[in-house]
Amino acid sequence: LLQLIAKSQLTSLSGAAQKNYFNILDKIVRKVMEDQYNPRLIKDLLQDLSSTLCILIRGVGKSVLVGNINIWICRLETILLWQQQLKNLQMNKQVNNGLTLSDLPLHMLNNILYKFSDGWDIITLGQVTPTLYMLSEDRQLWKKLCQYHFAEKQFCRHLIPSEEGHIDWKLMYFALQKYYPIKEQYGDTLHFCRHCSILFWKDTGHPCTASDPNTCLMPVSPQHFIDLFKF
Ligand SMILES: [Zn+2]
């Protein structure tokens, strides 16, 4: 949702909402600097946001930026500072005398890789040990990933053969990603109940009054959520 706002909805937010948006980003950057979880996601988000801001600031006068232009320049500088901080982020070595990921048997490591839905996660995990690298280069793994995200018709249009004459599924995955949106997957998704007309998190549920609650549910993607505010 934050990424979609960065890409296209920034100017439709009210002044207060924009302020909140930047406050949330500030909290996320602090949290990532602290616990070092998922820096890639926030890096991507800041990249999108800084490109949008650059375009908006350049087009000042023509576009509708709420507030003083200096505030926006100041915000852009803050984003650049955050990006710098994240770039300099050093991962702490985990000191742990117990079992580690590499102690798991090969088939279990393989199972973990097959659970990933994001190609970059597979590549990152493959950089941890030579064994994981070997597993992360598996053609079948990348083939499965392509089949999960894209329809057969889509990959038939962009076949990339490798030197040995096979299809290079890994390259295909990254090429297809440029042409088609990948399947969205979230830990928890917002749902809308048509019977009660309320939004709720799937994990928490809601006290539904419908006789068959499951037939009234509809998952709400981030884009769909933004569309709810368009009249
Ligand atoms: Zn309900």
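Cut-offs applied
- Throughout, residues of each chain are indexed from 1 in the direction in which the sequence is written.
- Two thresholds apply to this predicted model, a pLDDT of at least 70 for residue-level local features and 80 or more for giving and counting side-chain atom pairs, whereas whole-chain, interface and lining totals are computed over all residues.
- Calculation of side-chain values draws on the structure's entire complement of heavy atoms; hydrogens and water are dropped beforehand.
- Strands here mean DSSP runs of E at least two residues long; helices mean DSSP runs of H or I at least four residues long; both are numbered from the N terminus.
- Any two residues whose heavy atoms approach within 4.5 Å are treated as being in contact.
- By the counting rule applied here, Lys and Arg register as positive and Asp and Glu as negative, while His and the ends of each chain are not counted.
- Every charge is mapped onto a representative atom, which is NZ of Lys, CZ of Arg, CG of Asp or CD of Glu.
- Only buried residues count toward a nonpolar core, which is a set of Ala, Val, Leu, Ile, Met, Phe, Trp, Tyr and Cys residues joined through side-chain atoms within 4.5 Å.
- Type-normalised accessible area, obtained with a 1.4 Å probe on protein chains alone, sets the label of each residue: buried when under 20%, exposed when over 50%, and partly exposed for intermediate values.
- Between Lys or Arg on one side and Asp or Glu on the other, a salt bridge is scored when a side-chain nitrogen of the former is within 4 Å of a carboxyl oxygen of the latter.
- An automatic or database domain assignment provides the domain bounds reported here.
- Each patch is built from residues lacking any salt bridge and having more than 30% relative accessible area; the joining distance is 9 Å for like charges and 5 Å for nonpolar side chains (Val, Leu, Ile, Met, Phe, Trp, Tyr).
- Shrake-Rupley sampling with a 1.4 Å probe provides the accessible areas, and residues are treated as covered by the protein chains on show and by no other component.
- Two strands qualify as a pair provided that DSSP identifies no fewer than 2 bridges between them.
- As a rule, the C-alpha atoms of each element are fitted with a line to give its axis, helices using only the stretch in contact, and angles between N-to-C directions run from 0 to 180 degrees.

**Here's the deal with the overall build of the protein chain**
Thinking step 1. Secondary structure summary: the protein chain contains 11 helices and three strands in total.
Thinking step 2. The N-to-C order of helical and strand elements in the protein chain reads α-α-α-α-α-α-α-α-α-α-β-β-β-α.
Thinking step 3. Considered along the principal axes of its C-alpha atoms, the protein chain spans approximately 55 × 55 × 45 Å.
Thinking step 4. Considering only intrachain contacts with a sequence separation of at least 6, the fraction spanning at least 24 residues in the protein chain is 55%.
Thinking step 5. Considering the protein chain, the positive charge centre built from 24 side chains and the negative charge centre built from 20 side chains are found 6 Å apart.

**Thoughts on the nonpolar core**
Thinking step 1. One finds Leu 10, Tyr 21, Phe 22, Leu 25, Ile 42 and Leu 49 to be the most contacted residues of the largest nonpolar core, which totals 23 residues.
Thinking step 2. Of all the secondary-structure elements, those providing two or more residues to this core are helix H1 (2-9), helix H2 (15-35), helix H3 (39-58) and helix H4 (69-87).
Thinking step 3. The element contributing the most residues to this core is H3, with seven residues.
Thinking step 4. Residue contacts for Leu 10: discarding those within four places in its chain leaves Ile 5, Gln 18, Tyr 21, Leu 49, Leu 53, Leu 56 and Trp 72.
Thinking step 5. Leu 113, Leu 141, Tyr 173 and Leu 176 belong to the second-largest nonpolar core, a separate cluster that totals 18 residues.

**Remarks on the pattern of salt bridges**
Thinking step 1. The full count for this structure, using the stated rule, is six salt bridges.
Thinking step 2. Arg 40 is paired through a salt bridge with Asp 121; the nearest N and O atoms lie 2.8 Å apart. Within this pair, whereas Arg 40 is found in helix H3, its partner Asp 121 is found in helix H6 (residues 119-126), the two being separated by 81 residues in sequence.
Thinking step 3. Taking the relative accessible area as the measure of exposure, Arg 40 reaches 26% and is therefore partly exposed.
Thinking step 4. For Glu 137, the salt bridge goes to Lys 170, with nearest N and O atoms at 2.7 Å. Of the two residues, Glu 137 sits in the loop between helix H7 (130-136) and helix H8 (139-149) while Lys 170 sits in helix H10 (residues 169-179), which places them 33 residues apart along the sequence.
Thinking step 5. Given the relative accessible area of 23%, Lys 170 is considered partly exposed.
Thinking step 6. Three or more residues are tied together by salt bridges with common partners; here these are Arg 40, Asp 118 and Asp 121.

**Description of the domain arrangement of the protein chain**
Thinking step 1. As far as domains go, the protein chain holds domain 1 (1-88), domain 2 (101-179) and domain 3 (190-228).
Thinking step 2. Using C-alpha coordinates to define each centre, domain 1 is positioned 32 Å away from domain 2.

**Some points on a nonpolar patch on the surface**
Thinking step 1. Residues Leu 199, Leu 228 and Phe 229 make up a contiguous nonpolar surface patch of roughly 290 Å² in combined accessible area.
Thinking step 2. Here Leu 199 is to be found in strand E2 (residues 198-201).
Thinking step 3. Residue classification places Leu 199 among the partly exposed residues on the basis of a relative accessible area of 36%.

**Some words on unusual backbone geometry**
Thinking step 1. Phi angles above zero are rare outside glycine, and Asn 38 is one such case at about 50°.
Thinking step 2. The backbone of Ser 197 sits at a positive phi, close to 55°, despite the residue not being glycine.
Thinking step 3. Counting through the fold element by element, Ser 197 comes out in the loop between strand E1 (190-193) and E2.

**Concerning the sheet that holds E1**
Thinking step 1. One open sheet accounts for three strands, arranged E2-E1-E3; its pairing is antiparallel. The sheet is open, and its two edges are formed by E2 and strand E3 (217-220), each paired on a single side. When the angles between neighbouring strand axes are averaged without regard to direction, this sheet yields 35°.

**A word on the side chain of Ser 50**
Thinking step 1. Summarising the element assignment, Ser 50 is placed in helix H3.
Thinking step 2. Ser 50 has contacts with Leu 76, Ile 79 and Gln 83, leaving out every residue within four places of it along the chain.

**Let's talk about the pairing of E1**
Thinking step 1. Sheet analysis places E1 next to E2, joined by four bridges and oriented antiparallel. Paired with Cys 193 across the bridge in E2 is Ile 198.
Thinking step 2. Two successive antiparallel strands, E1 and E2, enclose a turn made up of four residues, where Ser 197 displays a positive phi of approximately 55°.

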